[in-house]
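Structural features, examined
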Amino acid sequence: MDLVLSTRNPHKLREFNVLMAPHRVLPLPGEVELPPETGHTFAENALTKAQAAADATGKTAIADDSGISAAALGGRPGVYSARYAGENATDEENLAKLLDEVPDDGDRGVAYVCALAYAEPNGQTHLVEGRCEGTLAHKPRGDGGFGYDPAFVPVDRDDGLTMSELSQSDKDAISHRGRAARELIAWLDGRR
Ligand code: IMP
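Starting afresh in each chain, residues are numbered from 1 along the sequence in its written order. For a predicted model such as this one, the threshold for reporting local features is a pLDDT of at least 70, and the threshold for listing and counting side-chain atom pairs is 80 or more; totals across whole chains, interfaces and linings nevertheless cover every residue. Side-chain measures here rest on the full set of heavy atoms in the structure, leaving out hydrogens and waters.

A word on the overall build of the protein chain
Selection rule: Helix and strand definitions here come from DSSP, where helices need a minimum of 4 consecutive H or I residues and strands a minimum of 2 consecutive E residues; each element is numbered from the N-terminal end. For this measure, only C-alpha atoms enter the radius of gyration; the expected value for a globule follows 2.2 Å times N^0.38, where N is the number of residues. When a residue's accessible area, from a 1.4 Å probe over protein chains only, is under 20% of the maximum for its type it is buried; when over 50% it is exposed; and in between it is partly exposed. In what follows, a contact means two residues having at least one pair of non-hydrogen atoms within 4.5 Å. Computed with the Shrake-Rupley method and a 1.4 Å probe, the accessible areas treat only the protein chains shown as cover for residues. Here the positive residues are Lys and Arg and the negative ones are Asp and Glu; neither His nor the chain ends is included. Where a charge lies is defined by one atom per residue type: Lys uses NZ, Arg uses CZ, Asp uses CG and Glu uses CD.
Scanning the protein chain from N- to C-terminus turns up 5 helices and 6 strands. Along the protein chain, from the amino end to the carboxyl end, the secondary structure elements read β-α-β-α-β-α-β-β-β-α-α. Over its C-alpha atoms the protein chain spans a radius of gyration of 17 Å, differing by no more than 12% from the 16 Å that the globule rule assigns to 192 residues. With the C-alpha coordinates of the protein chain rotated into their principal frame, the extents come out at 50 × 35 × 25 Å. The 192 residues of the protein chain split such that 46% are buried. Contacts in the protein chain between residues far apart in sequence, at least 24 positions, make up 56% of those at least 6 positions apart. Roughly 9,200 Å² of accessible area belongs to the protein chain as shown, and the carbon and sulfur atoms make up 51% of that amount. If the 20 positive side-chain charges of the protein chain are averaged to one point and the 31 negative ones to another, these points end up 3 Å apart.

Take a look at the structure:
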């Protein structure tokens, strides 16, 4: 089916088109205004964005909200992952702050979380969540991916590579977004 993706991020549009296949992911029309991300949970933000797009377009929409949680920081930065080092912080600045704050000899456990919301114009919604557990490397490694990937070592693999050292398809196979997308596809298939 066709799903409008509630984002202005072209990278996410490309990524979800691959992850949600055979469903088709359509861009959000330019005139639709996205609500600010003011929720305290990934789920709240994802649902608000998906419902706003469904209401504005009259079409079924999806939206995700994601981030990284560090065990040593009580789950932070969580929903604040994109602006951890400040409102306009770069990926490098956010990662540097996380590497600075997680103690070298403390709990290095981290998790990527992705809430993926589905919303119909009639108000029906569905929410799935994907997680990817990992450990935080002491130094960034690799050129691929984005955000916290250079220091995220997923537990699903035993080669010790960071997410930035994996191909996109190897990352998709274990990532929080990949898992959430596969769960949503399974739920959509079950409704046919
Ligand atoms: P969102 O666009 O509000 O979902 O922002 C999520 C933020 O969490 C991003 O800006 C990254 O900092 C971080 N993040 C989410 N997913 C990933 C990932 O797959 N790799 C690296 N960082 C991620």
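Considerations on the environment of Glu183
Considering the arrangement of structural elements, one finds Glu183 in helix α5 (residues 176-191). Take Glu183: its relative accessible area is 42%, and that puts it in the partly exposed class. Separated by 135 residues in sequence, Glu183 and Thr48 place their C-alpha atoms 20 Å apart. Discounting chain neighbours no more than four positions away, the residues touching Glu183 are Val128 and Glu129.

Details of the site of the ligand
Here is the rule: Proximity is defined per residue: any heavy atom of the residue falling within 4 Å of a molecule or strand makes that residue near it. Between N or O atoms, a polar contact is any pair within 3.5 Å; within protein, one atom must be a potential hydrogen donor and the other a potential acceptor, and residues adjacent in sequence are included only when both atoms are from side chains. In this count, Pro and Cys sit with the nonpolar residues alongside Ala, Val, Leu, Ile, Met, Phe, Trp and Tyr, while Asp, Glu, Lys and Arg are called charged and the others, Gly among them, polar.
Within the structure, the ligand sits among 15 residues, and Lys12, Tyr112, Asp149, Lys171 and Arg177 are positioned closest to it. Residue Glu37 places a side-chain N or O atom 3.4 Å away from an oxygen atom belonging to the ligand. The side chain of Lys171 places a nitrogen or oxygen atom 2.8 Å from an oxygen atom of the ligand. Those elements giving two or more residues to the shell around the ligand turn out to be β3 (61-70) and α5. Of the residues forming the shell around the ligand, the biggest block, 3 residues, is contributed by β3. For the shell around the ligand, the residue count by class is 4 nonpolar, 5 polar and 6 charged.

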